[in-house]
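Chain residues, written in single-letter form:
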Amino acid sequence: MDLAVRKRRAPRQDEEEEAVAAEGRGGSPSVRTARSLQPGSGTIYKVRIPVGAPTGESIFTVPDTRYQESGGSWFELLSPVAAGSFPLELDRRSGRLYLSRPLERGGRTEVTVKVHRMDGHESDWYLCHVVIVAVEEEPISWEMYPYPYLARVDPDARAGTSVYQLVARYCHSENTSVGISYALIAGGEERFDIDMDTGVVLTTGLPLSLNQEYVITVLAIDEYGNKSPYAFISILAGSRPPQFTNMSYNVFVPENTPADETVAVIEAVSFQSQPLCYTLLMNPSSLFRMDQETGELSLTHPVDYESEHRLYHFLVKALEAESLLSSVTEVIVHITDENDCSPEFQQSIYSQENIPESIPVGTSLLQ
């Protein structure tokens, strides 16, 4: 079973930790747990199980982090103790928790387990708190725009300078980012960091080389282990040319579209926050007009699907007037057919003779 475990420790000074392999969870992931805990303290584990997990399934093993090498331990379920209504059962010898009845989506169950030292003094024990949550898989997707993900930063930027905003959301939820955290997985040569709560990419203060491109790999993840695909952010130390919102544009224009009616907006982003000027590098048949400030594309005259070309290729350039940095993108315009012919009958007269007077209603007479 594919389960995810999250844990937080009760605070305690000079606490030593060790990795414990938690059994009974598909893939046997490793978790971190406290050892040498005093009676009354405890470790909290959060365990995710899929909705519809079968009854009798082992969903979690309470770790023995203290007595495993000194005679072992036994386990006692402290709360809750309502027999029959509680959805979990505990094996006292192994510490395994079993599902005694299915949990509905979003169902949450909390249990406290007392870990005793085998044949030990009555004060030799500690507590573990386990929270079981039944969830469905919630894929996480990236919401940044445009793609590919590009950014720029001043080479002399101070530590903590904001460089890029990561945004992720659940694919099947309107709530964009609640419960989602962000992590820097690789890259950036330690020049960048990520605020795990807000998703803002920040500089660390280490020197940046002019015109060097730094590529970082990032991940979005929630407390139940749902993850996004890896995303790659390319950060240029210096000035970056404009980026069009699409790598290329396919525009479909119905025939007889009026002149000067906007058929598409070819738009780019200035990383230096400068105004952009848009121009057509090619204009086949002088058919197209481009608004230099907005990037709005229109026709100079209507076109007919039957008598003119149906496919046009040309390029659009976006230029920063101050820096003179520019980028070019391809635009493909498809002229689509419209039914602009008047309907015609195939015959001038239709007739049907010898129709029986008893013919049933709804009988077809003519085609």
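All of the points below concern the structure found in this document. Just so we're clear, the structure is a prediction, and the values are computed from it rather than from any experiment.

Brief notes about the sheet that holds strand β5 (residues 58-61)
Overall, antiparallel pairing links the three strands, which are arranged β5-β8-β7 in an open sheet. The outermost strands of the open sheet, each flanked by one partner alone, are β5 and β7 (88-90). With strand direction ignored, the average angle separating the axes of adjacent strands in the sheet is 25°. In this structure, β7 lies alongside strand β8 (residues 96-99), joined through three bridges in antiparallel fashion. Paired with L90 across the two strands is L97, which belongs to β8.

A closer look at the environment of A318
For A318, the position within the fold is in strand β27 (residues 311-320). Owing to a relative accessible area of 0%, A318 belongs among the buried residues under this scheme. Between the C-alpha atoms of A318 and P242, which are 76 residues apart in sequence, the distance is 6.9 Å. Discounting residues that sit within four places of it in the chain, A318 has contacts with P242, F244, A268, C277, Y278, L325, S326 and S327.

Concerning the nonpolar core
Within the largest apolar cluster, 26 residues are counted, with the highest numbers of intra-cluster contacts made by W142, Y164, L166, F192, V201, I233 and I235. Residue assignment for this core shows that the elements contributing at least two residues are β11 (140-142), β12 (149-153), β13 (162-165), β14 (168-170), β15 (180-187), β16 (192-194), β18 (213-222) and β19 (231-237). I59, F60, F86 and Y126 belong to the second-largest nonpolar core, a separate cluster that totals 23 residues.

Cut-offs applied
Residues numbered from 1 in each chain as written. Predicted model: local features only at pLDDT ≥ 70, side-chain atom pairs only at ≥ 80, totals over all residues. Heavy atoms only, no water. Pairing = 2+ DSSP bridges. Helix = DSSP H or I, 4+ residues; strand = E, 2+ residues; numbered from the N terminus. Axes fitted to C-alpha atoms, helices over the stretch in contact; angles between N-to-C directions. Buried < 20%, exposed > 50% of the residue type's maximum accessible area, 1.4 Å probe, protein only. Contact = heavy atoms within 4.5 Å. Core = buried A, V, L, I, M, F, W, Y, C linked by side-chain atoms within 4.5 Å.

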